[in-house]
Amino acid sequence: MKNNIFIPAQVTGGEITYPAKIQKTRLNAFLADVPDGAKIEMFISVSTDKGTNAQLARLHAMIRELASDIGYTFMEMKLLVKRQTGLCFMKDKTEYCKSFADCDKEELNLCIQECMRIGDEQGIQLR
């Protein structure tokens, strides 16, 4: 299995900065475990359009309604939506999911659309 890591960061003055020191520590620990000569693949995504509070509020309301109508807990429904939209990944038999608060507008829109799809499938009007 491939060894993967997700670390949120930002560019400040042309340099990569981390929201917490632990992020840089995790990156350094990850790199220390990579053997010399190993090939690495890098994927860097730039997000500038942070999700809005209106999107977050709508998404949470939709998840709450779906959970109530289908019989899931709020957290179970939230996790299902995250999994269905690709916001979760597995590493060392542990699942990691991106927080909605860290999602950009496009990612939150995908989650809202997934809620509508689930609602349509279950006969729940969320539009």
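Check the entry above for the structure.
Because the structure is a prediction, the values reported are computed rather than measured. (Residues numbered from 1 in each chain as written. Predicted model: local features only at pLDDT ≥ 70, side-chain atom pairs only at ≥ 80, totals over all residues. Heavy atoms only, no water.)

Enquirer: Quick rundown of the packing of helix 2 (residues 53-70) against helix 3 (residues 74-84)? Include the residues and the values.
Expert: The geometry of helix 2 relative to helix 3 is characterised by a closest axis approach of 8 Å and an angle of 115° between their N-to-C directions. Viewed along their axes, helix 2 and helix 3 form a crossing whose handedness is right-handed. Residues H60, I63, R64, L66, A67 and I70 of helix 2 form the contact with helix 3, whose participating residues are F74, M77, K78 and V81. Among the residues making up the contact of helix 2 with helix 3, the classes are represented as seven nonpolar, one polar and two charged. (Axes fitted to C-alpha atoms, helices over the stretch in contact; angles between N-to-C directions. Helix = DSSP H or I, 4+ residues; strand = E, 2+ residues; numbered from the N terminus. Left-handed = near helix turned anticlockwise from the far one by under 90°. Contact = heavy atoms within 4.5 Å. Nonpolar A, V, L, I, M, F, W, Y, C, P; charged D, E, K, R; others polar.)

Enquirer: With reference to specific residues and values, describe the pattern of salt bridges.
Expert: Between side chains of opposite charge, a pair can form as their charged atoms come close. Under the definition given, this model contains five salt bridges. Among the ionic pairs, E121 bridges to R117, the shortest N-O distance being 3.0 Å. Taken together, the positions of E121 and R117, both in helix 4 (residues 105-122) and four residues apart, correspond to about one turn of that helix. Overall, the relative accessible area of 54% leaves E121 in the exposed class. Judged by relative accessible area, which is 36%, R117 ranks as partly exposed. (Salt bridge = Lys/Arg side-chain N within 4 Å of Asp/Glu carboxyl O. Buried < 20%, exposed > 50% of the residue type's maximum accessible area, 1.4 Å probe, protein only.)

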